Amino acid sequence: EADIYQTPRYLVIGTGKKITLECSQTMGHDKMYWYQQDPGMELHLIHYSYGVNSTEKGDLSSESTVSRIRTEHFPLTLESARPSHTSQYLCASSESTPNYGYTFGSGTRLTVV
Amino acid sequence: GDSVTQMEGPVTLSEEAFLTINCTYTATGYPSLFWYVQYPGEGLQLLLKATKADDKGSNKGFEATYRKETTSFHLEKGSVQVSDSAVYFCALSDRNYGQNFVFGPGTRLSVLP
């Protein structure tokens, strides 16, 4: 049973719309991450957070923004969606020590038309 | 910086064939090593892990041994099934590298009946 939840699973939206992808986890993990991935391809880290009120940009430049007001919640927002944002977005969380691995959500498949 | 290299895919095998997916890494510290699997349309799932040299991780018939002398963590399975068709990601977590994961590019496996 998944302990990290992403909604929506699929989203088709028009260019210029503002969207928020939701990610919540019930494990009490301090660390959370957003990855962008073309299906089955390489993962690109776009944002991460080490705790409440802590957010950092990842390796891949992204026009999205994130917030971390509560430990369990790490939403990602696109102010103005473009076709180049079409991709899969994966949320993950982890404990503070590196030995336990990441837990991933099922992903949001975004299509901007 | 830290990096993970995997054999290029796609890998196509017949059912009951032996599987090896090579993974080598470069790390400045003492990494933990992981294999993740991604089934079509899903997020990544932890398959197995090893946290120190000579450890063997195993799960669902898959095995990988942490080889510090060759900086490798090759994934093996003695007899693959059609249901093993997926993308496999090798990853490391280095406590001396900000503790974010470094993922390999993924290897797509297709198993034919």
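This structure is a prediction, so every number in the text was calculated from the model and none was measured. (Residues numbered from 1 in each chain as written. Chains lettered and ligands numbered in written order. Predicted model: local features only at pLDDT ≥ 70, side-chain atom pairs only at ≥ 80, totals over all residues. Heavy atoms only, no water.)

> Explain the interface of chain A and chain B here, please?
Where the parts come together, the accessible area they lose is often given as the size of the interface. Every contact between the two is made by 25 residues of chain A and, on the other side, 22 residues of chain B. Both sides together, the interface formed by chain A and chain B hides about 1800 Å², and carbon and sulfur atoms give 45% of it. In this structure, the connection of chain A to chain B is made through one salt bridge. The salt bridge partner of Arg9(A) is Glu42(B), with a shortest N-O separation of 3.6 Å. Here chain A is connected to chain B by five residue pairs in polar contact (both at pLDDT 80 or more). Elements that contribute at least two residues to the side of chain A that touches chain B include exactly strand E4 (31-37), strand E5 (44-51) and strand E9 (87-94) of chain A. It is E4(A) that provides the largest number of residues to the side of chain A that touches chain B, a total of four residues. (Contact = heavy atoms within 4.5 Å. Buried area = accessible area lost by both parts, 1.4 Å probe. Salt bridge = Lys/Arg side-chain N within 4 Å of Asp/Glu carboxyl O. Polar contact = N/O pair within 3.5 Å; in protein donor to acceptor, adjacent residues only side chain to side chain. Helix = DSSP H or I, 4+ residues; strand = E, 2+ residues; numbered from the N terminus.)

> Would you take a moment to explain the sheet that holds strand E1 (residues 4-7) of chain A for this structure?
What links the strands of a sheet is backbone hydrogen bonding, and the strands pair in either a parallel or an antiparallel sense. Residue and element names in this part refer to chain A. The four strands are arranged E1-E3-E8-E7 in an open sheet whose pairing can be described as antiparallel. Two strands close off the open sheet at either side, each with one partner strand: E1 and strand E7 (65-66). Inspection of the sheet shows strand E3 (residues 19-25) paired to strand E8 (residues 76-78) by three bridges, in the antiparallel sense. Across the sheet, the residue bridging to Leu21 is Leu76, located in E8. (Pairing = 2+ DSSP bridges.)

> It is not clear to me how the nonpolar core should be interpreted in this structure. Could you clarify?
For soluble globular proteins, the rule of thumb is that nonpolar side chains tend to be buried together. Residues and elements named next belong to chain B. Counting residues in hydrophobic clusters, the biggest one holds 26 residues, and the most contacted among them are Trp35, Leu47, Leu48, Phe73, Leu75 and Tyr88. Listed by contribution, the elements that provide at least two residues to this core are strand E2 (11-14), strand E3 (19-21), strand E4 (23-26), strand E5 (32-38), strand E6 (44-50), strand E8 (62-65), strand E10 (86-93) and strand E12 (107-112). Broken down by element, the residue count for this core peaks at four residues, all from E10. Excluding residues within four positions of it along the chain, Phe73 makes contact with Cys23, Leu33, Phe34, Trp35, Leu48, Lys49, Ala50, Ala64, Thr65, Tyr66 and Cys90. (Core = buried A, V, L, I, M, F, W, Y, C linked by side-chain atoms within 4.5 Å. Buried < 20%, exposed > 50% of the residue type's maximum accessible area, 1.4 Å probe, protein only.)

> Would you explain the sheet that holds E8(B) in this entry?
Residues and elements named next belong to chain B. The strand order E3-E9-E8-E7 describes an open sheet built from four strands, whose pairing is antiparallel. Strands with a single pairing partner mark the edges of an open sheet, and in this sheet they are E3 and strand E7 (56-59). For this sheet, the mean angle separating the axes of adjacent strands, direction not counted, is 15°. Bridge count between E8 and strand E9 (residues 75-77): two bridges; the pairing is antiparallel. Among the inter-strand pairings, Glu63 is bridged to a residue of E9, identified as Glu76. (Axes fitted to C-alpha atoms, helices over the stretch in contact; angles between N-to-C directions.)

By themselves, these observations are geometric and do not establish any function.
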